[in-house]
Amino acid sequence: MKIAIFSDIHANLEALEAVLADAESQGCDSYICLGDVVGYNADPAACLERVRAMGCPVVKGNHDQDCGHDTSLEMMNPIAAEALRWTRAQLNPEQRRWLARLRMVRQVQDFTIVHSTLDQPDSWNYVTNKFDAMANFSYQVTPVCFYGHTHVPRVFVRGSRVQEVPAESIALEPESKYFINTGAVGQPRDGDWRASYCIYNYDAQMINFRRIEYDIQTAQEKIRAAGLPESLAERIAEGR
Ligand code: ZN
């Protein structure tokens, strides 16, 4: 079994389609989505329907939560809030209900998936260093957990101590626990504009990180045509 695990699509259909095409060419036979299907970019309904039609496990991201419910956007940064207001208007009530009903944490096979972190998943904290990862590990009962939310690929390992290792190919060791961020499909923030996702070769117990080029010009044109903030078009080209 080869599982494509992807997160933070953020309504970027061009990036999503490129990732799914790559996953198919790599022989993936299962798919998992770590949330934030919508928000920021111009194709929320199309991305939602594409993911939903796959029938794969999906967990809820904070943008999914904010689009699924009529939560107040006052505390949010103004650009994200503007995009969320626009996104809510693009989705029909049934699509918003689908987002609202997504679960925060799921177990798949013998691993866990969550959007932010297992300690208080609804607080949407960002795991960016080993100290944040330690808090997560104390709630992680499976050997491997995949997460998203930060839009930066990262790997934390708990053996005799917790450390961060480069987000490259990893051979999973049975004695260790892993907390793995797949990076973002639709809005990477590590300085590399290409879509990021992971392939989990389950039989070989190997994780491979993938970076995929996509038609970014079209994605940017759609953002501008939708009247979304210009900075959203610029940031996907800069990977920030
Ligand atoms: Zn996100």
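What counts and what doesn't
Residues numbered from 1 in each chain as written. Predicted model: local features only at pLDDT ≥ 70, side-chain atom pairs only at ≥ 80, totals over all residues. Heavy atoms only, no water. Core = buried A, V, L, I, M, F, W, Y, C linked by side-chain atoms within 4.5 Å. Buried < 20%, exposed > 50% of the residue type's maximum accessible area, 1.4 Å probe, protein only. Helix = DSSP H or I, 4+ residues; strand = E, 2+ residues; numbered from the N terminus. Contact = heavy atoms within 4.5 Å. Salt bridge = Lys/Arg side-chain N within 4 Å of Asp/Glu carboxyl O. Arc of directions from axis to C-beta. Phe/Tyr/Trp six-rings, centres within 6.5 Å; stacked < 30°, edge-to-face > 60°. Lys NZ or Arg CZ within 6 Å of the ring centre and 35° of its normal. Axes fitted to C-alpha atoms, helices over the stretch in contact; angles between N-to-C directions. Parallel < 35°, antiparallel > 145°, perpendicular 65-115°, else oblique. Left-handed = near helix turned anticlockwise from the far one by under 90°. Nonpolar A, V, L, I, M, F, W, Y, C, P; charged D, E, K, R; others polar.

Draft legend 1. Spatial organisation of the nonpolar core. Membership of the largest hydrophobic core comes to 45 residues, with the highest contact counts inside it found for Phe-6 and Val-51. Those elements that provide at least two residues to this core are β1 (2–6), α1 (13–25), α2 (44–54), α4 (78–90), α5 (93–100), β10 (195–201), α7 (216–225) and α8 (230–238). With 7 residues, α1 is the largest single contributor of residues to this core. In this structure Phe-6 touches Leu-16, Leu-20, Tyr-31, Ile-32, Cys-33, Leu-34, Val-51, Met-54, Thr-182, Val-185 and Tyr-197, once residues within four positions along its chain are discounted. Among the nonpolar cores identified, the runner-up in size contains 21 residues, and Phe-146, Val-155, Tyr-178 and Tyr-202 belong to it.

Draft legend 2. Up close: the pattern of salt bridges. Within this structure, the stated rule accounts for 13 salt bridges. When the shortest N-O distance is used, the salt bridge between Arg-96 and Asp-70 registers 2.9 Å. Separated by 26 residues along the polypeptide, Arg-96 in helix α5 and Asp-70 in the loop between α3 (62–68) and α4 bring together distant segments of the chain. Judged by its relative accessible area of 16%, Arg-96 is buried. Taking the shortest distance from any N to any O, the salt bridge between Arg-154 and Glu-164 comes out at 3.1 Å. Here Arg-154, found in strand β6 (residues 154–158), pairs with Glu-164, found in strand β7 (residues 162–165); they are 10 residues apart in sequence, far enough to count as distant. Look at Glu-164 and you get partly exposed, because its relative accessible area is 38%.

Draft legend 3. Focus on α2. Listed in full, the buried residues belonging to α2 are Pro-44, Cys-47, Leu-48 and Val-51. Seen end-on, α2 carries its buried residues on one side only, within an arc spanning 100 degrees. Elements that come into contact with the buried residues of α2 comprise β1, α1, β2 (30–33), α4 and α5. Positive phi appears at Gly-55, one or two residues downstream of α2, with a value of about 65 degrees.

Draft legend 4. Structural view of the packing of aromatic side chains. Per the stated rule, a full pass over the model turns up 8 aromatic pairs. Aromatic side chains Phe-111 and Phe-146 sit 5.6 Å apart centroid to centroid with 80 degrees between the ring planes, which places their arrangement in the edge-to-face category. With Phe-111 in strand β4 (residues 111–114) and Phe-146 in strand β5 (residues 144–147), this pair connects stretches of sequence that are 35 residues apart. On the basis of relative accessibility, which here comes to 0%, the residue Phe-111 falls in the buried class. A relative accessible area of 0% means that Phe-146 is categorised as buried. Judged by centre distance (5.6 Å) and plane angle (50 degrees), the rings of Phe-146 and Tyr-200 are tilted. One end of the pair, Phe-146, is in strand β5; the other, Tyr-200, is in strand β10, and 54 residues separate them in sequence. One aromatic cluster in this structure is built from Phe-111, Phe-146, Tyr-200 and Tyr-202. For Arg-235, the ring lying beneath its charged end belongs to Tyr-40, and the centroid distance is 5.5 Å.

Draft legend 5. Expanded view of the packing of α2 against α5. The N-to-C vectors of α2 and α5 enclose an angle of 60 degrees; their axes lie 11 Å apart at closest approach. Classified by the angle between their axes, α2 and α5 sit oblique to one another. The handedness of the crossing between α2 and α5 is left-handed. Counting all contacts with α2, which are made through Ala-45, Leu-48, Glu-49, Val-51 and Arg-52, the residues of α5 involved are Glu-94, Gln-95, Trp-98 and Leu-99. A class-by-class count of the residues in the contact of α2 with α5 yields 5 nonpolar, 1 polar and 3 charged.

Draft legend 6. Seen up close, the packing of α1 against α2. One can describe the packing of α1 onto α2 by two numbers: an axis separation of 9 Å at closest approach and a directional angle of 25 degrees. Relative to α2, the element α1 is oriented roughly parallel. Remark: the crossing between α1 and α2 carries left-handed chirality. Here α1 contributes Leu-13, Leu-16, Glu-17 and Leu-20 to the contact with α2, which in turn contributes Ala-46, Cys-47, Arg-50, Val-51 and Met-54. When grouped by side-chain class, the residues that make up the contact of α1 with α2 number 7 nonpolar, no polar and 2 charged.

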